[in-house]
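Results of the structural survey
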Amino acid sequence: MWFDELDSTNTYLKEKISSGALADPAGTAAAAKRQLKGRGRKARIWNSAEGENLTFSFVSKIREERKDISSITLTAGVAVCEVLRELGIEQAEIKWPNDILCEGRKICGILCETADCQGQTMAVCGIGLNINMTQQQLAKIDQPASSVYLETGICYRPEDLINTILEKMSFWFEIWLNEGFAAVKKRWEELAFGLGLKIDISEDGEILKTGLFRGITDHGALVLERKDNRIEHIYTGDVNWKL
Ligand code: BTN
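Residues numbered from 1 in each chain as written. Predicted model: local features only at pLDDT ≥ 70, side-chain atom pairs only at ≥ 80, totals over all residues.

**Description of the overall build of the protein**
- A count of helical and extended segments in the protein gives 6 helices and 12 strands.
- For the C-alpha atoms alone, the extent of the protein along its principal axes is close to 55 × 45 × 30 Å.
- Buried residues in the protein amount to 39% of all 243 residues. (Helix = DSSP H or I, 4+ residues; strand = E, 2+ residues; numbered from the N terminus. Buried ≥ 20, exposed ≤ 12 C-beta atoms within 10 Å, placed from the backbone.)

**Structural notes on the pairing of strand E7 (residues 120–130)**
- Here E7 lies mainly inside the structure; 9 of its 11 residues are buried.
- In this sheet, E7 lies alongside strand E3 (residues 53–61) in antiparallel orientation, the contact comprising 9 bridges. Following the sheet pairing, Ser60 is matched in E7 by Ala123.
- Note: strand E6 (residues 105–117) against E7, 10 bridges, orientation antiparallel. Paired with Cys108 across the two strands is Leu129, which belongs to E7.
- Connecting the antiparallel pair E6 and E7 is a turn made up of 2 residues, with Gln118 showing a positive phi of about 45°. (Pairing = 2+ DSSP bridges.)

**Side note on the packing of helix H5 (residues 158–179) against helix H6 (residues 182–191)**
- For the pair H5 and H6, the least separation of the axes is 7 Å and the interaxial angle reads 135°. The pairing of H5 with H6 is recorded here as oblique in orientation. Listed contacts from H6 to Trp172, Ile175, Trp176 and Glu179 of H5 are Ala182, Ala183 and Val184. (Axes fitted to C-alpha atoms, helices over the stretch in contact; angles between N-to-C directions. Parallel < 35°, antiparallel > 145°, perpendicular 65-115°, else oblique. Contact = placed C-beta atoms within 7 Å.)

**A word on the confidence of the model for the protein**
- Averaged over every residue, the pLDDT of the protein is 93; residues scoring 70 or more account for 98%.
- With a pTM of 0.94, the predicted complex shows an ipTM of 0.99. (pLDDT = per-residue confidence, 0-100.)

**Quick word on the packing of helix H2 (residues 69–86) against H5**
- Running from N to C, H2 and H5 point in directions that differ by 140°, and their axes come no closer than 9 Å. Looking at the two axes, H2 sits oblique to H5. Here the hand of the crossing between H2 and H5 comes out right-handed. Contact with H2, carried on its side by Ile72, Thr75, Ala76, Val78, Ala79, Val80, Glu82 and Val83, involves Thr164, Ile165, Lys168, Met169, Trp172, Phe173 and Trp176 of H5 and no other residues of that element.
- Among the residues making up the contact of H2 with H5, the classes are represented as 11 nonpolar, 2 polar and 2 charged. (Left-handed = near helix turned anticlockwise from the far one by under 90°. Nonpolar A, V, L, I, M, F, W, Y, C, P; charged D, E, K, R; others polar.)

In structure tokens, the structure reads:
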């Protein structure tokens, strides 16, 4: 479904699923040319003006024993990162848990949430991909950012890219659903940013832990090696790389 304007494609699909308005929601996608209240992780705002971004959400089933929203976020990251690499953006890498970066500049953010569909949990995976933003527009964002245009010099229309990304998401979500995240993990680690490097884990700007980024578990938690070689699994938080 394409809309000229929505508050947020995630909010739209979550409401439709919860109200029972979509009889069989799995596989539904909603895209908006403009979002008025686009949301990021931790209630951050995701601004998107028309033509600059691809903003859409995709509904997937979650197997009852795998209600693990963090690993579906990572799986969506694999799909988007593979598409970017196929467009020639070889420098695209996944930053745990939900960003795609190009040499440290964010090009895509992912927000996966759940919605209840008559007793069954569904995942709503929202993707915000900077497509045509220029250097000048990107400079207004509060963190280093990039776009497909900046990386390739090519202007794509959002509708040119959505089908390729949806096909790739369907491919990887199918593997995730049938075999679990363990079957996606190797590809995630191949595409990951910063494996082996020193990182900080912070919450609300406060650094909680420091260590080496050793990979991820079969459920998508970040594996952190602390100073005394102790291994910890991190489920939430912001990661900063100490380059
Ligand atoms: C983040 O970087 O924190 C995640 C950003 C996710 C933004 C996308 S745009 C489409 C979908 N609808 C939303 O309101 N958010 C996601």
